[in-house]
Amino acid sequence: MPKTIIFHNPRCSKSRQTLAILEEHNLEVVVIKYLDNPPSEEKIRELLAELNLDIRGIIRTGEQEYKEFGFDDNTLSDDELISKLTKHPKVMQRPIVSHNGRAIIGRPPENVLDIIK
């Protein structure tokens, strides 16, 4: 059975709905509460490759921390942004689901169906 991982924020309704869809499909899901256990730089790079996005594609611009911690600085390199994201994971899009070498952002939650079927 493929490994399914969700980077989950239990306080987020979209994250809870995405997890419910995964569970409805009887997948064995590894739940990572990324605010408590932020992904490493290496894991972020893996997710970006699976998502086929650059780092700005998984950054939430509406979070207070986006400006507070300088994510809005367009001169920052991808490596600098990835490093910042490990320290301030609240700015990361949620949820992100990785399944069998592919990943998707669960906004809307039904997006996850594209990678699990």
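The present account deals with the structure reproduced in this document. Note that this is a predicted model, so its numbers are computed, not measured. (Residues numbered from 1 in each chain as written. Predicted model: local features only at pLDDT ≥ 70, side-chain atom pairs only at ≥ 80, totals over all residues. Heavy atoms only, no water.)

1. Let's talk about the packing of aromatic side chains
- Under the defined criterion, the tally for this structure stands at zero aromatic pairs.
- Against the face of Phe 71 rests Lys 84, its NZ or CZ located 5.9 Å from the ring centre. (Phe/Tyr/Trp six-rings, centres within 6.5 Å; stacked < 30°, edge-to-face > 60°. Lys NZ or Arg CZ within 6 Å of the ring centre and 35° of its normal.)

2. Comments concerning helix α4 (residues 78–87)
- What α4 keeps buried is the set Leu 81, Ile 82, Ser 83, Leu 85 and Thr 86.
- Next to the buried residues of α4 lie α2 (41–51). (Buried < 20%, exposed > 50% of the residue type's maximum accessible area, 1.4 Å probe, protein only. Helix = DSSP H or I, 4+ residues; strand = E, 2+ residues; numbered from the N terminus. Contact = heavy atoms within 4.5 Å.)

3. Description of the sheet that holds strand β2 (residues 29–33)
- The strand order across the open sheet built from four strands is β2-β1-β3-β4, with neighbouring strands paired in mixed fashion. One side of each edge strand has no neighbouring strand; the edge strands of this open sheet are β2 and β4 (102–105). Across this sheet, the average inter-strand angle for adjacent strands is 15°, counted without regard to direction.
- In this structure, strand β1 (residues 4–8) lies alongside strand β3 (residues 96–99), joined through four bridges in antiparallel fashion. By the bridge assignment for β3, Thr 4 is matched with His 99.
- Strand contacts of helix α1 (residues 13–24): β1, β2 and β3, with the helix running at about 165° to β1, the strand carrying the most contacts. (Pairing = 2+ DSSP bridges. Axes fitted to C-alpha atoms, helices over the stretch in contact; angles between N-to-C directions.)

4. Some points on the side chain of His 8
- Inspection of the secondary structure assignment puts His 8 in strand β1.
- A distance of 2.6 Å separates a polar atom in the side chain of His 8 from a polar atom in the side chain of Ser 15.
- The contacts of His 8, once residues within four sequence positions are left out, are Ser 15, Arg 16, Leu 19, Val 31, Ile 32, Lys 33 and Tyr 34. (Polar contact = N/O pair within 3.5 Å; in protein donor to acceptor, adjacent residues only side chain to side chain.)

5. Here we look at α2
- The complete set of buried residues in α2 reads Ile 44, Leu 47, Leu 48 and Leu 51. Take α2 and look down its axis: the buried residues cluster within an arc of 100°, on one side only. Of the exposed residues in α2, the ones pointing more than 90 degrees away from its buried face are Glu 42 and Ala 49.
- Note on α2: the residue one or two positions beyond its end, Asn 52, has a positive phi of about 60°. (Arc of directions from axis to C-beta.)

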